[in-house]
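For reference, the chains in residue letters:
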Amino acid sequence: MMSGVRSHVYDAVTRRFHWVTAAIVFLQFAMGESWGWFGPVWKTVARNIHTSVGMVFALLLLARLYWRWVRRSGMPPSSGRMALGVHLLLYGLLIAEVADGVGWRLTGSHPLYVFGFDIRCTPCRLDRPWHDRVGWLHHYGAWLIVILACGHAGAALWRHLVVRDGTLGRMLPRVRPR
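These figures come from a predicted structure and were not determined experimentally.

## Focus on the environment of T107
Move 1: With respect to the secondary-structure elements, T107 resides in the loop between α3 (81-106) and β1 (112-114).
Move 2: A sequence separation of 21 residues divides T107 from R128, and the C-alpha atoms of the two residues are 9.1 Å apart.
Move 3: Of the polar contacts made by the side chain of T107, one reaches the backbone oxygen of G103; its length is 2.9 Å.

## Some remarks on the UniProt feature "transmembrane region" (unreviewed entry) in the chain
Move 1: UniProt feature "transmembrane region" (unreviewed entry): in the numbering of this structure it lies at residues 48-67, 88-107 and 140-162.
Move 2: Taken end to end, residues 48-67 is 100% helix and 0% strand, and its first and last C-alpha atoms sit 29 Å apart.
Move 3: Along residues 140-162, the helical share is 100% and the strand share 0%, with 32 Å between the first and last C-alpha atoms.

## Description of the side chain of D165
Move 1: When you line up the elements, D165 lands in the loop between α4 (128-163) and α5 (167-171).
Move 2: Judged by its relative accessible area of 2%, D165 falls in the buried class.
Move 3: A distance of 2.3 Å separates polar atoms of two side chains, one belonging to D165 and the other to R159.

## Section: the packing of aromatic side chains
Move 1: All chains considered together, the criterion is met by four aromatic pairs.
Move 2: Taken together, a centroid distance of 4.8 Å and an interplanar angle of 90 degrees make the contact between F29 and W143 edge-to-face. Of this pair, F29 sits in helix α1 (residues 12-34) while W143 sits in helix α4, and the two are 114 residues apart along the sequence.
Move 3: Judged by its relative accessible area of 16%, F29 falls in the buried class.

## Considering the side chain of D11
Move 1: When you line up the elements, D11 lands in the segment before α1.
Move 2: Residue D11 is classed as buried on the basis of its relative accessible area, which comes to 17%.
Move 3: A polar atom in the side chain of D11 sits 3.1 Å from the backbone nitrogen of V13.

## Structural notes on unusual backbone geometry
Move 1: Even without a glycine there, the phi angle at F115 is positive, about 50 degrees.
Move 2: On the accessibility criterion, F115 (55% relative accessible area) is exposed.
Move 3: The phi angle at R164 is positive, at roughly 60 degrees, despite the residue not being glycine.
Move 4: Residue placement: R164 occurs in the loop between α4 and α5.

Basis of the calculations
In this convention, every chain numbers its residues from 1, walking through the sequence in written order. In keeping with the model being predicted, local features are shown solely for residues with a pLDDT of at least 70 and side-chain atom pairs are shown and tallied solely at 80 or more, while totals for entire chains, interfaces and linings include all residues. For the side-chain quantities, the full set of heavy atoms in the structure was used; hydrogens and water were omitted. Helix and strand definitions follow DSSP, with helices as H or I runs of at least four residues and strands as E runs of at least two, each counted in order from the N terminus. In the analysis that follows, any N or O atom pair within 3.5 Å is treated as a polar contact, provided that within protein one partner can donate a hydrogen and the other can accept it, and provided that, for residues neighboring in sequence, both atoms belong to side chains. UniProt positions are given in the numbering used here, feature names are shortened, and annotations may be inferred rather than shown by experiment. Buried residues are those whose accessible area, probed at 1.4 Å on protein chains only, stays under 20% of the maximum for their type, while exposed residues exceed 50% and partly exposed ones sit between those limits. Aromatic pairs are defined between Phe, Tyr and Trp rings, using the six-membered ring for Trp, whenever the two ring centres lie within 6.5 Å; interplanar angles under 30 degrees are classed as stacked, those over 60 as edge-to-face, and all others as tilted.

Here's what the structure looks like:
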């Protein structure tokens, strides 16, 4: 670790929230981008899985934000404004993506299936052009999140491998010696 950089280690719950969030974001993105490849039956099944996992993700995101607020754990002291800005932007986009995904399903002609439950909102339906715009936002919002997340990972690798300030080590799971 570089001299002058204070050690900051994230607790186990924060690390788990981080890695589960990352895994779900990339799995949801992959599913959303690929469900049209395998025919209409798989597309329906994949869409239902996607929305169910999205609802679990919404709860995870709320729990993660609550945990961060209760713990008052912020960014490491060595982090700059750009790192804080990217984190805040990612949180904001994740919240917007969940809301937009729910909105997209509720404003269309297909119901929102969550773990097999059929959720409909007939008064929520929008004309086709408006519904398509909501879908467009959801699609490109997902791309923006993945691009930012990849940049976030790249910055962590840069700081770990080039700057050598221990950034990545603070977020990796702890390995206990035998």
